Amino acid sequence: MATISPSTGAARPAEASRPGRFGPYGGQFVPETLMPSLVELIDAYDIACHDPTFTATYDALARDFIGRPTPLYHATKLTARAGGAQVYLKREDLAHTGAHKINNALGQGLLARRMGKQRIIAETGAGQHGVATATVCAMLGLECIVYMGEEDVHRQAPNVFRMKLLGAEVRPVKSGSRTLKDAINEAIRDWVTNVKDTFYIIGSVVGPHPYPTMVRDFQSVIGRETREQSLAQIGHLPDAVIACVGGGSNAMGIFHPFHDDASVRLIGVEAGGDGVATGRHAAPLSAGRPGVLHGALSYLMQDRDGQVIETHSISAGLDYPGVGPEHSWYKDSGRATYVAVDDASALAGFELLCQTEGIIPALETAHAIAYAAEYAASRPSSEIIVVNCSGRGDKDLSTVATRLGMTL
Amino acid sequence: MNNRPAQHQSRIGATLARHHEAGTMALVGWQTIGFPTIQSSRTLVPALIDGGFDLIELGVPFSDPQADGTTIQRASFEALRQGATLSIALDTVRTLRSDGITAPLIFMSYYNPILSRGLERFAIDASEAGVDGLIVPDLPAEESDDLIDALDRVGIDSIFLVAPTTPEPRLRAIAARARGFIYCVSLTGVTGARQALPTDLPDYLARVRNVTNLPLAVGFGVSRPEHVARLRGIADAAIVASAIIDRMEHTPPETHVQELRTFAKSLRNAADGVS
């Protein structure tokens with residue numbers, strides 16, 4: 001099946017006439033120094049998407065390097081345990097490097113090479129996007145520098161080592177909250193400084209236009225496969241699709257191809273941290289208000305003065321105060337529903353999938369699993385729920401062990 | 001992109017025009033509101049003006065200063081710890097005005113604190129407090145229509161940045177919206193002191209001159225008297241920011257008034273060609 005389906009410029013009815021806007025959200029809120037590069041990127045991406053050589057190269061590598069298509073798996077034991085709707089898992093954890101992030105890193109890496117940019121920078125939270133980018137750079141022969149918050153460097157040590165093995169330089173970021181948000185700030189500063197020869201591979205559906213659209217396009221392979229596999233394996237579309245949302249790339253990747261299928265409920269699961277009521281969480285769609293961070297207008301966790309506030313989540317990949325602008329539009333338009341799952345419930349979801357299905361999910365993914373189990377229990381057994389199993393949990397073993405009071 | 005309406009000359013415009021007529025270069029200084037304390041601007045802004053700065057940029061601290069290098073970042077984070085906010089920045093301007101400061105005061109703020117307050121409300125509050133201009137480093141021309149409208153209604157100059165990477169059509173579009181002066185970012189990078197200014201600065205400034213009659217102010221990396229001296233004859237104003245914060249970080253707070261006055265004088269002499 002075709003694995004790339006670009007849509008730049010072709011605004012859907014739900015999108016505003018202005019490119020790069022999703023309703024009122026999105027835009028290009030960046031220093032002037034970067035604006036010419038964004039214009040260059042918009043053009044280069046548009047041309048690449050319509051070049052059969054580019055799309056054929058992507059498709060071949062998606063198949064042979066990433067291992068696409070990933071399976072759609074009927075999780076019968078999880079279904080039995082939940083006691084309701086049928087739960088299926090879209091197995092992005094089986095993609096090369098263990099998460100969906102590689103779908104986007106490959107696309108942007110190929111685009112960078114095509115644009116003649118030899119120096120790649122990226123930010124990473126959990127390390128999954130950093131590993132995916134380092135992997136693609138190793139394969140394509142590109143220089144790779146990954147910015148990672150100092151706190152995340154500690155809690156995701158195995159991924160730091162993987163990036164180094166793959167030849168990337170990992171730069172710990174010591175400013176601000178020393179997590180994903182600050183890693184993006186630092187990557188933007190690098191980009192401003194080295195814009196002539198540097199390509200910034202953003203890892204989620206965030207940032208200035210064209211990034212939210214471009215990343216969504218590359219990740220939409222997840223939803224397109226899910227749609228086709230549902231029709232082939234089940235005979236009809238699912239009733240609900242559930243995915244975790246940090247920046248929101250795995251969620252938008254699986255949601256977007258179902259946008260026009262009104263019968264399919266789309267549910268995004270944010271990180272509830274200690275509980276949304278405590279204020280210590282990472283759930284901007286559940287408890288934030290619109291603001292501008294990292295180049296786009298979107299829901300944002302901020303105080304009354306417009307300062308971005310620190311987030312809390314057991315999962316480094318969801319520990320981010322913003323969210324992709326298209327999710328903000330899905331929320332306002334009612335196309336998707338967003339809920340929050342706290343740390344304790346996510347841990348329970350993590351253990352649940354390990355024990356019922358023999359699959360160790362990423363802690364990010366565990367948020368979606370936890371909500372899916374609860375949601376499935378409330379629905380009849382005739383209904384179909386697809387959960388995006390966005391990544392595997394090897395990187396999280398020490399975090400989980402510590403939480404469970406064990407030592408490795 | 002709309003053309004600027006005919007307006008009476010702003011305080012910024014008048015100050016720069018005065019220098020233009022005298023054949024001298026203006027100096028733009030910097031204070032981060034709330035650094036090192038909420039009160040410090042009240043004595044340090046007059047010290048900068050005393051020493052020879054003509055216009056003052058007041059940095060409104062933000063949690064995510066993506067266009068700033070380490071110096072302004074540190075000052076910004078410390079200012080936030082001190083409790084500085086946009087409201088406190090407005091209070092500071094009111095206090096400076098009631099203290100008799102008449103020099104143009106320009107806010108430099110990232111977009112979100114302004115958006116969070118509301119564009120209309122910000123414009124009215126800033127105008128009433130005595131703010132003359134606004135620079136928003138993460139708001140390119142494409143996103144600025146609503147803010148320019150709000151600022152035009154109250155007579156605050158919208159100051160835009162151009163960069164060495166800005167191609168001519170963009171330069172023209174930005175110049176058409178700019179008020180007060182054009183902020184020419186000297187280099188491709190973030191704020192912060194540098195050893196030397198880029199060698200191609202004269203060509204770059206000539207490209208900007210070619211599209212506008214507005215005064216050109218050069219900032220980013222301008223940190224020493226010799227840098228200011230190099231800008232004589234090619235720029236209308238030199239903007240010095242991080243170098244001021246650097247001085248403050250390396251000296252005890254009780255000496256800051258004297259330190260900044262002395263530093264300002266050395267820059268003033270360089271601007272005037274006095275050795």
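If you're wondering where the values come from, they're calculated on a predicted model, not measured in any experiment.

### A short note on the overall build of chain B
Reasoning step 1: Looking only at helices and strands, chain B has 12 helices and 8 strands in total.
Reasoning step 2: On C-alpha atoms alone, chain B measures out to a radius of gyration of 17 Å, which is about the 19 Å that the 2.2 N^0.38 rule sets for 275 residues.
Reasoning step 3: Taking the principal axes of the C-alpha coordinates as reference, chain B spans close to 50 × 45 × 30 Å.
Reasoning step 4: Here chain B holds 275 residues, and 63% of them are scored as buried.
Reasoning step 5: Expressed as a percentage of contacts within chain B between residues at least 6 apart in sequence, the contacts between residues at least 24 apart total 74%.

### Observations regarding the interface of chain A and chain B
The parts lose accessible area when they come together, and the size of an interface is often stated as this lost area.
Reasoning step 1: If you look at the interface, chain A gives 37 residues, while chain B gives 34 residues.
Reasoning step 2: Counting the surface lost from both chain A and chain B, the interface buries some 2800 Å², and carbon and sulfur atoms represent 49% of this.
Reasoning step 3: Three residues stand out in chain A for area buried against chain B, namely Glu-32, Arg-189 and Gln-307 of chain A, and they jointly supply 24% of the buried area on that side.
Reasoning step 4: Taken together, chain A and chain B are joined by 3 salt bridges.
Reasoning step 5: Residue Glu-32 of chain A pairs with Arg-170 of chain B through a salt bridge whose shortest N-O separation is 2.7 Å.
Reasoning step 6: Viewed at the interface, chain B and chain A are joined by 19 residue pairs in polar contact (both at pLDDT 80 or more).
Reasoning step 7: Of all the secondary-structure elements, those providing two or more residues to the side of chain A that touches chain B are strand E2 (25-29), helix H1 (35-49), helix H8 (180-193), strand E11 (289-293) and strand E12 (295-300) of chain A.
Reasoning step 8: Split by residue class, the side of chain A that touches chain B holds 13 nonpolar, 12 polar and 12 charged.

### Some thoughts on the pairing of strand E5 (residues 157-162) of chain B
Residues and elements named next belong to chain B.
Reasoning step 1: In terms of burial, E5 is a largely internal element, 6 of the 6 residues being buried.
Reasoning step 2: Alternating residues of E5 divide into Asp-157, Ile-159 and Leu-161 and Ser-158, Phe-160 and Val-162, and every residue in both groups is buried.
Reasoning step 3: Pairing geometry for strand E4 (residues 133-135) and E5, over 3 bridges, is parallel. By the bridge assignment for E5, Leu-134 is matched with Ser-158.
Reasoning step 4: Between the parallel pair E4 and E5, the chain is carried across by helix H7 (residues 145-154), and the sense of this crossover is right-handed.
Reasoning step 5: Judged from the 3 bridges that link them, E5 and strand E6 (residues 182-185) form a sheet pairing that is parallel.

### Description of the sheet that holds strand E3 (residues 72-74) of chain A
The pairing of strands in a sheet comes from backbone hydrogen bonds and takes either a parallel or an antiparallel form.
Residue and element names in this part refer to chain A.
Reasoning step 1: Strand order in this open sheet of 6 strands is E3-E4-E14-E9-E10-E13, and the pairing throughout is mixed. In this open sheet, the two strands that pair with only one neighbour each are E3 and strand E13 (336-342). Each neighbouring strand pair of the sheet contributes to a mean axis angle of 25°, computed without reference to strand direction.
Reasoning step 2: Where strand E9 (residues 240-244) and strand E10 (residues 265-273) come together, 5 bridges link them in parallel fashion. Bridged to Ile-242 within E10 is Ile-267.
Reasoning step 3: Set on the sheet, helix H14 (residues 343-357) makes contact with E3, strand E4 (86-91), E10, E13 and strand E14 (384-389); between it and E13 the angle comes to about 95°.

### Observations concerning the sheet that holds strand E8 (residues 198-200) of chain A
All names here are of chain A.
Reasoning step 1: Within the open sheet, the 4 strands sit side by side as E7-E6-E5-E8. Their pairing is parallel. Bordering the open sheet on either side are strand E7 (169-173) and E8, each of which pairs with just one other strand. Mean inter-strand twist for the sheet, computed between neighbouring axes without regard to direction, equals 25°.
Reasoning step 2: Relative to E7, strand E6 (residues 143-149) is paired through 5 bridges, and the arrangement is parallel. Residue pairing across strands places Val-146 opposite Val-170, the latter belonging to E7.

### Let's talk about the pattern of salt bridges
Reasoning step 1: Counted under the stated rule, the structure contains 47 salt bridges over all chains.
Reasoning step 2: Linking Asp-319 of chain A and Arg-155 of chain A is a salt bridge whose minimum nitrogen-to-oxygen distance equals 2.8 Å. In this pair, Asp-319 of chain A sits in the loop between E12 and helix H13 (325-333) while Arg-155 of chain A sits in helix H6 (residues 150-155), placing the two residues 164 residues apart along the sequence. In this pair, the class of Asp-319 of chain A matches that of Arg-155 of chain A, namely buried.
Reasoning step 3: For Arg-261 of chain B, the salt bridge identified is with Asp-50 of chain B, shortest N-O distance 3.1 Å. With a gap of 211 residues between them, Arg-261 of chain B in helix H12 (residues 256-272) and Asp-50 of chain B in helix H2 (residues 41-51) connect regions that are remote in the sequence.
Reasoning step 4: Overall, the relative accessible area of 22% leaves Arg-261 of chain B in the partly exposed class.
Reasoning step 5: In this structure, a network of salt bridges that share partners links the residues Arg-68, Lys-90, Glu-92 and Glu-225 of chain A.

### Description of a nonpolar patch on the surface
Residues and elements named next belong to chain A.
Reasoning step 1: A cluster of nonpolar side chains, contributed by Phe-161, Leu-165 and Leu-166, occupies part of the molecular surface with about 320 Å² of accessible area.
Reasoning step 2: On the secondary structure map, Leu-166 appears in the loop between helix H7 (157-165) and E7.
Reasoning step 3: Overall, the relative accessible area of 31% leaves Leu-166 in the partly exposed class.

### Topic: the layout of surface pockets
Reasoning step 1: When its volume is computed, the second largest pocket comes out at roughly 280 Å³.
Reasoning step 2: Residue assignment for the lining of the second largest pocket shows that the elements contributing at least two residues are H6 and helix H16 (397-403) of chain A.

### Side note on the packing of aromatic side chains
Reasoning step 1: Counting across every chain of the model gives 11 aromatic pairs over all chains.
Reasoning step 2: Taken together, a centroid distance of 6.1 Å and an interplanar angle of 20° make the contact between Tyr-371 of chain A and Tyr-375 of chain A stacked. With Tyr-371 of chain A and Tyr-375 of chain A both in helix H15 (residues 363-377), this residue pair falls 4 residues apart, about one helical turn. Residues Tyr-371 of chain A and Tyr-375 of chain A agree in their burial class; the two are buried.
Reasoning step 3: Taken together, the aromatic side chains of Tyr-45, Tyr-58 and Phe-218 of chain A make up a single cluster linked through ring pairs.
Reasoning step 4: In this structure, Lys-331 of chain A packs its charged tip against the face of Tyr-299 of chain A, placed 5.4 Å from the ring centre.
Reasoning step 5: Just above the ring of Phe-263 of chain B sits the side chain of Arg-247 of chain B; from NZ or CZ to the centre is 4.2 Å.

### Topic: the nonpolar core
Reasoning step 1: Residues Phe-255 of chain A together with Phe-107 and Val-228 of chain B are the most contacted members of the largest nonpolar core, which totals 123 residues.
Reasoning step 2: Element by element, the count of residues in this core is highest for H12 of chain B, at 6 residues.
Reasoning step 3: Once residues lying within four places of it in the same chain are set aside, the contact partners of Val-228 of chain B are Met-25, Leu-27, Val-222, Ala-238, Val-240, Leu-267, Ala-270 and Ala-271 of chain B.
Reasoning step 4: Core analysis: the next-biggest nonpolar cluster, separate from the first, contains 65 residues, Leu-38, Ile-102, Leu-110 and Val-160 of chain A among them.

### Quick word on unusual backbone geometry
Reasoning step 1: The step from Arg-68 of chain A to Pro-69 of chain A runs through a cis peptide bond, and the omega angle for that step is -5°.
Reasoning step 2: Here Pro-69 of chain A is to be found in the loop between helix H2 (52-66) and E3.
Reasoning step 3: With an omega of 15°, the peptide bond running from His-209 of chain A to Pro-210 of chain A counts as cis.
Reasoning step 4: Relative to the assigned elements, Pro-210 of chain A resides in the loop between E8 and helix H9 (211-219).
Reasoning step 5: Despite not being glycine, Arg-178 of chain A has its phi angle at roughly 55°, a positive value.
Reasoning step 6: Relative to the assigned elements, Arg-178 of chain A resides in the loop between E7 and H8.
Reasoning step 7: If you check the backbone angles, Phe-220 of chain B has positive phi at about 80° while not being a glycine.

### Some words on the packing of H9 of chain A against helix H10 (residues 221-233) of chain A
Reasoning step 1: Where H9 of chain A meets H10 of chain A, the closest approach of the two axes is 5 Å, and the angle between their N-to-C directions is 35°. Residue-level inspection shows Asp-217, Phe-218 and Gln-219 of chain A of H9 of chain A in contact with H10 of chain A, the latter providing Val-221, Ile-222, Gly-223 and Arg-224 of chain A.

About the cut-offs
Residues numbered from 1 in each chain as written. Chains lettered and ligands numbered in written order. Predicted model: local features only at pLDDT ≥ 70, side-chain atom pairs only at ≥ 80, totals over all residues. Heavy atoms only, no water. Helix = DSSP H or I, 4+ residues; strand = E, 2+ residues; numbered from the N terminus. Rg over C-alpha atoms; globule rule 2.2 N^0.38 Å. Buried < 20%, exposed > 50% of the residue type's maximum accessible area, 1.4 Å probe, protein only. Contact = heavy atoms within 4.5 Å. Buried area = accessible area lost by both parts, 1.4 Å probe. Salt bridge = Lys/Arg side-chain N within 4 Å of Asp/Glu carboxyl O. Polar contact = N/O pair within 3.5 Å; in protein donor to acceptor, adjacent residues only side chain to side chain. Nonpolar A, V, L, I, M, F, W, Y, C, P; charged D, E, K, R; others polar. Pairing = 2+ DSSP bridges. Right-handed = clockwise from strand over helix to strand, strands pointing away. Axes fitted to C-alpha atoms, helices over the stretch in contact; angles between N-to-C directions. Patch = residues over 30% accessible without salt bridge, like charges linked within 9 Å, V, L, I, M, F, W, Y side chains within 5 Å. Areas by Shrake-Rupley, 256 points an atom, 1.4 Å probe, with all protein chains shown as cover. 1 Å grid on protein atoms, 1.4 Å probe; cavity = no way out; pocket = protein on both sides within 12 Å on 5 of 7 lines; lining within 4 Å. Points joined across faces, edges and corners; volume = space filled by probe spheres on them. Phe/Tyr/Trp six-rings, centres within 6.5 Å; stacked < 30°, edge-to-face > 60°. Lys NZ or Arg CZ within 6 Å of the ring centre and 35° of its normal. Core = buried A, V, L, I, M, F, W, Y, C linked by side-chain atoms within 4.5 Å.

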